[in-house]
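What follows is each chain in one-letter form.
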Amino acid sequence: MSTFIERAKVTCALGGAIVTLSALPKAVPIVHASGGCAGTLSGTYNLASGYKGSGYCGGTMIPTSNIVENDIVFGGEERLEEQIINTVKIIDADLYFVVTGCQVEIIGDDAVGVTHRYKDDKATVLAANTPGFLGDSFKGYEAVLSTIAAELVEKKDVKDKKTITILGIVPGQDVFYRGNIREIERLLNQLGIKANTFFGDGETIEKIRNYGDASLTVVLSENYGIETARVFEQIHQIPYITADLPIGASRTDAFLHKIGERLGIEPAEIEALLAKERKYYYSYIERILDIYTDLDFQRYAIISADTNYAFPLTSFLADDLGWIPHIVVIHDDIDDLRKKEYELKFKQLGSETKPKVVFELQAGQLLNHVRKSWKYNQNDKYFDALSPAFLVGSSLEASVAQKLGAGFLPVVFPITNRAVLDRGYTGYKGGLTLTEDIISALVSDR
Amino acid sequence: MSKLTEGLTYDYLSAEAAPTREARIETCNAFGGSCNSLRTGMGTGCSKNNSRKFAQGGGCQLNLALGIVSSFQNVVVIIHGPLGCGSNNLGRAGTRKTARILKQRPTTTDTIWIQTNLDDTDVITGGIEKLRQAVLYAEQEYRPDAIIIGNSCVPGIIGDDIDTLLNELDGQIAAKVVPIHCEGFKSKYVATGYDSAYHGVLKKMVEPIQRYEKALPNELADSNEKYRHSKIVNLFNVGSTSYGDEVELSRLLTALGLEVRVLPLYSSVEEISRISEAALNISICATHDDYLLGHLKERFGTEYIIDTLPIGIKNTNQWLRVIAKFFKLEKEVEKLIAIETAQLEEALEPFKKVLKGKSVFVGGGETRIFTTGELYQSLGMRVVGLKPHNFDRFAIPMIDSIDDQEAVIDVAPGQPAEELVILSRLKPDLYVGHAQANAWITKLGIPTVPLFGQSFNYMGYSGAFELARKAARVLKNTSLSRKIVSNVALPFRPIWFESNPFDNIKEAKV
């Protein structure tokens, strides 16, 4: 049984579906639910995902059936049909996608059936059941993308050995999703690999239709995107692997070796690329050496993140920046087996000290976990404090950082004290950006 | 008393939830026409059942209801529902913190909310046990003064009996336990959320201090106290009033010798519990708080002023006059108005020169847009259209304040598709709009001014000055909207721009 959550850093399945659709090229959600769902859920990401905004047809622009009490009693299928017809008439989109809220699912409206009955040569209209009670945003991401994989992506018998599909980077929930995708694509392109990214620059619905010729799906997550990857496997015979989000130098090395090995690319070719990237990377890292060493910018790192970010972020701080990974508090709602498996990842860290890893759903418990992780100050004359410390988390952790006297940079959703455009933290370039942001946070009061 | 509330009664507390706005007052959210035809339409009452063929996202009453109560100091809000309901707090918690700083309220605790995370099992078995655990967690972790529970659609439809549980817990823990029934599907008017919130507040949080006869009467002290109490007024703030607004309105009332308490947003639970102790309750927006003020009158006999929204010179004057009349300060208020308007008029001169003849379109809450429109009109601008989110008795008298009675009216909660077609034809020089509307208008190439904002001043005389200053400043450089219009597309098919947007409204059969 699931439990209540204090300040959950997710929305619901419908929210995840809406933000995923809004991130697809010229795709428009049609929300079959009460009047507030579309605007509220879209609005959450518009603000809390680094002010990413409404985009092409998000926020108040989202077409929705606006079900009211009367429809709850008599059913809302007719209203939905009317809304679909008029949306196609008025809104210019390459893909229309009906998603559902709790109200219509409880009363048993068959939104998918209504959508399938709707026929229009000029418009592609898909549908999925995405009521909030299905679970968190990641469930909505999976519902949308697995439907697209099953119903929109055309079957192809011949696969292209050097084409892969990237999953697991969830728009909105990953505040830096576009920047992150762009850098991964850039690195892969240099190895002659074409990446299907759904949300990256230059994608179109037409291109997504042709994702069936990929030879591998790479899920940059241990938990999210797997369901869609399985649909690609079953329907399109495309196998999948999982990999960690390649944040910074160490994780990018591991990522490219993993992909290269899988696609049969010569290790020497990978090494050549990495050497080039490394040279570029350290030519810039060199710039911060003076301030880092003169002012002793090594920190005890406190990380509060989801499973997509927790390990890659810790690895960047420990392996690339040379910080002490002290405690990692992860807020995903996953089962015990997955927690155990995830914890094992931290053994890979190159630092002499390995972090304490805690799974905690309640945002308010972070401070307690940090306090429990260190000897309590008994007013000793000589006390080895958890200091200097630096917290990397979401904007919700600002006050915890303040209470701990720690430096602070929000990197994980929600982020409301930074505006994010094309910034990303993946790859060597992302490592430089993240270093820049962290050092800037340390000197920002000057 | 107020003409605006004539015939309305406010004795609903024996019910679990407040009645919806559609049940309580005649109201409309789909109408297209002009000021003139709106007046006629409202007269026949036919527009209240209008609907749309193509609809876009409006709001949810849960957000408005919880927006009020989550501003209270040292409270925990629990959203009884799946993870999406109340998730907008993720975007708002930061702005809440800024608002607390701006309003000089304590910022020692974060805005805390808890979701009961209802899943598919709970839809079948009910979520009461999770709610109990959440309430106990809130009490144990935060020791709040109140734990306020917002009920969402899922428990509303499956019939979770939250009141029985919450009444039971109310007696067991230190915090006040307050249920708010604000299920989104119940009403198509988000303003119902205000009533839903105040229904819970009135039921559980208003506890006047019990007074006893004094053992040793002191005539002088008693009459002093009585005099002081006769001058205490509650000024009811709303989600969109800034600290600047509160300071300005308090300044004007203080000038009339009144002692002002600004309530209830951002107040402590203690302050709210004593909400009934005032000589007069003063509203600045009927749409927000007639349910609260009307009930306080019926229960405690406290008179109230529900009149206009004090934006612009005319409406600020009117608002002050009604209040002054209650205290028999008619002469004094004229003196105040004379001084204030003379100073202001002089200060406005340079802006009038810039704004004269320019056209403006205003969209947002009904009372706010008509008064804001009237202000810009008084500066020499032409109001060419208005888009109220809904329309009801509270704004009917305001229709007359618009000079051009053929100005376009689109009664629409959100619905940017309709609005953008209208604006593409009217091409106003300036758009003044509600949050979440302005970006779309920018894509049409029209410069915008936000209709409200927590760090700006809009109300009273200083607010009039600020609004004039703001419009003049925006027109000093309109490059952004001009660049955007040629580089960023709106999501419509060309045919939509050629259509009559009001054909989208389905007239209800009488």
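Quantities reported herein were computed from a predicted structural model and do not represent experimental measurements.

Enquirer: Would you mind going over the overall build of chain B with me for this structure?
Expert: Helix and strand counts for chain B stand at 21 helices and 18 strands. On C-alpha atoms alone, chain B measures out to a radius of gyration of 23 Å, which is about the 24 Å that the 2.2 N^0.38 rule sets for 510 residues. Oriented by its inertia axes, the alpha-carbon framework of chain B measures out at about 70 × 65 × 45 Å. Here chain B holds 510 residues, and the buried ones make up 59% of them. Relative to all contacts within chain B whose residues are 6 or more apart in sequence, the contacts with residues 24 or more apart total 75%. Carbon and sulfur atoms provide 54% of the accessible area of chain B, an area that totals close to 19,800 Å².

Enquirer: Any chance you could explain the confidence of the model for chain B here in plain terms?
Expert: Where the model shows low pLDDT, its predicted coordinates should not be examined in detail. Of all residues in chain B, 99% have pLDDT values of 70 or greater, and the mean over the chain is 95. For this predicted complex, the interface score ipTM comes out at 0.96, alongside a pTM of 0.97.

Enquirer: Could you clarify how one ought to interpret the sheet that holds strand β4 (residues 75-80) of chain B in this entry?
Expert: Note on sheets: strands pair through backbone hydrogen bonds, and any given pair is parallel or antiparallel. The strand order β1(A)-β5(B)-β4(B)-β6(B)-β7(B) describes an open sheet built from 5 strands, whose pairing is mixed. Pairing within the sheet leaves two strands with one partner each, and these edge strands are β1 (5-6) of chain A together with β7 (176-181) of chain B. The sheet contact formed by β4(B) and strand β5 (residues 112-115) of chain B spans 4 bridges and is parallel. Of the residues in β5(B), the one forming a bridge with Ile79(B) is Gln115(B). Packed onto the sheet, helix α3 (residues 61-69) of chain B meets β4, β6 (146-151) and β7 of chain B and runs at close to 165° relative to β4(B).

Enquirer: Would you mind showing me how to read the interface of chain A and chain B here?
Expert: Note on interface size: it is often stated as the accessible area lost on association of the parts. At the junction of the two partners, chain A supplies 62 residues and chain B supplies 62 residues. Summed over both partners, the interface of chain A with chain B comes to about 5,000 Å²; 60% of that surface belongs to carbon and sulfur atoms. Area buried by chain A at its contact with chain B is led by Phe4(A), Thr60(A) and Ile90(A), which between them contribute 15% of it. On the surface where chain A and chain B come into contact, there are 3 salt bridges. A salt bridge links Arg7(A) to Asp110(B); the nearest nitrogen and oxygen atoms lie 3.8 Å apart. Applying the counting rule to chain A against chain B returns 34 residue pairs in polar contact (both at pLDDT 80 or more). At 8 residues, helix α4 (residues 77-90) of chain A tops the list of elements feeding residues into the side of chain A that touches chain B. Tallied by class, the residues present in the side of chain A that touches chain B amount to 27 nonpolar, 25 polar and 10 charged.

Enquirer: What's the story with the sheet that holds strand β11 (residues 356-359) of chain A in this structure? I'm lost.
Expert: Residues and elements named next belong to chain A. In spatial order, the strands read β11-β10-β9-β12-β13; together these 5 strands make up an open sheet with parallel pairing. The open sheet terminates on both sides in strands that have one partner only, identified here as β11 and β13 (407-410). In this sheet, adjacent strand axes meet at a mean angle of 15° when their direction is disregarded. Where strand β9 (residues 300-305) meets strand β10 (residues 324-330), 6 bridges bridge the pair, whose relative direction is parallel. Residue pairing across strands places Ser304 opposite Val329, the latter belonging to β10. Seen against the sheet, helix α13 (residues 307-320) touches β9, β10, β11 and β12 (389-393) and runs at an angle of roughly 165° to β9.

Enquirer: What should I look at first to understand the pairing of β12(A) in this one?
Expert: Regular strands place side chains that alternate from one sheet face to the opposite one. All names here are of chain A. Across the 5 residues of β12, 5 count as buried, placing the element largely inside the fold. Residues Ala389, Leu391 and Gly393 of β12 are buried on one face, and the alternating residues Phe390 and Val392, pointing to the opposite face, are buried as well. In this structure, β9 lies alongside β12, joined through 4 bridges in parallel fashion. What sits directly across from Ala301, in β12, is Phe390. A crossover links β12 with its parallel partner β13, the connecting element being helix α16 (residues 398-404), and its sense is right-handed.

Enquirer: Please clarify how the nonpolar core should be interpreted in this entry.
Expert: Nonpolar side chains in soluble globular proteins tend to be buried together. If you look at the biggest cluster of nonpolar residues, it comprises 168 residues, and the most contacted ones within it are Ile148(A), Leu188(A), Phe198(A), Val218(A), Val411(A) and Val69(B). Filtering out sequence-adjacent residues up to four positions away, Phe198(A) remains in contact with Leu24(A), Pro25(A), Leu145(A), Ile148(A), Thr165(A), Ile166(A), Leu167(A), Glu203(A), Ile208(A), Tyr211(A) and Phe232(A). Listed in part, the 65 residues of the second largest apolar core include Leu256(B), Leu280(B), Phe370(B) and Val432(B).

Enquirer: Looking at this model, I keep getting lost on the packing of aromatic side chains. Mind explaining?
Expert: Within a pair of aromatic rings, the relevant descriptors are the distance that separates the centres and the angle that separates the planes. For the structure shown, the criterion picks out 22 aromatic pairs over all chains. Residues Phe198(A) and Tyr211(A) carry aromatic rings whose centres are separated by 4.9 Å and whose planes lie at 80° to one another, so their mutual orientation is edge-to-face. Of this pair, Phe198(A) sits in the loop between β6 (194-196) and α9 (205-209) while Tyr211(A) sits in the loop between α9 and β7 (214-219), and the two are 13 residues apart along the sequence. Owing to a relative accessible area of 0%, Phe198(A) belongs among the buried residues under this scheme. Of the residues examined, Tyr211(A) reaches a relative accessible area of 1% and is grouped as buried. Judged by centre distance (4.9 Å) and plane angle (85°), the ring pair of Phe326(B) and Phe327(B) falls under edge-to-face. The buried category is assigned to Phe327(B), whose relative accessible area is 13%. When the ring centre of Tyr458(B) is taken as origin, the NZ or CZ atom of Arg368(B), which lies over that ring, is 5.0 Å away. Against the face of Phe456(B) rests Lys470(B), its NZ or CZ located 3.3 Å from the ring centre.

Enquirer: What should I look at first to understand the pairing of β4(B) in this one?
Expert: Residues and elements named next belong to chain B. Counting buried positions along β4 yields 6 of 6 residues, so the element is predominantly enclosed. Residues Val75, Val77 and Ile79 point to one face of β4 and Val76, Ile78 and His80 to the other, with burial holding for every one of them. Of the strand pairs in this sheet, β4 and β6 are connected by 6 bridges, and their pairing is parallel. Note on β6: the bridge partner recorded for Ile79 is Gly150. In the classification by handedness, the crossover that spans β4, the intervening helix α4 (residues 89-102) and the parallel β5 is right-handed.

Enquirer: Whenever I open this one, helix α2 (residues 35-48) of chain A confuses me. Can you help?
Expert: Every α-helix winds through 3.6 residues per turn, so residues three or four apart in the chain are directed the same way. Residue and element names in this part refer to chain A. In this model, α2 (14 residues) spans 21 Å end to end at C-alpha, consistent with the 20 Å of a helix rising 1.5 Å per residue. Among the 14 residues that make up α2, 13 are buried, leaving the element largely enclosed by the rest of the structure. Just downstream of α2, Gly50 is the residue with a positive phi angle, here 60°.

Procedures and definitions
Residues numbered from 1 in each chain as written. Chains lettered and ligands numbered in written order. Predicted model: local features only at pLDDT ≥ 70, side-chain atom pairs only at ≥ 80, totals over all residues. Heavy atoms only, no water. Helix = DSSP H or I, 4+ residues; strand = E, 2+ residues; numbered from the N terminus. Rg over C-alpha atoms; globule rule 2.2 N^0.38 Å. Buried < 20%, exposed > 50% of the residue type's maximum accessible area, 1.4 Å probe, protein only. Contact = heavy atoms within 4.5 Å. Areas by Shrake-Rupley, 256 points an atom, 1.4 Å probe, with all protein chains shown as cover. pLDDT = per-residue confidence, 0-100. Pairing = 2+ DSSP bridges. Axes fitted to C-alpha atoms, helices over the stretch in contact; angles between N-to-C directions. Buried area = accessible area lost by both parts, 1.4 Å probe. Salt bridge = Lys/Arg side-chain N within 4 Å of Asp/Glu carboxyl O. Polar contact = N/O pair within 3.5 Å; in protein donor to acceptor, adjacent residues only side chain to side chain. Nonpolar A, V, L, I, M, F, W, Y, C, P; charged D, E, K, R; others polar. Right-handed = clockwise from strand over helix to strand, strands pointing away. Core = buried A, V, L, I, M, F, W, Y, C linked by side-chain atoms within 4.5 Å. Phe/Tyr/Trp six-rings, centres within 6.5 Å; stacked < 30°, edge-to-face > 60°. Lys NZ or Arg CZ within 6 Å of the ring centre and 35° of its normal. Expected span 1.5 Å × (residues − 1).

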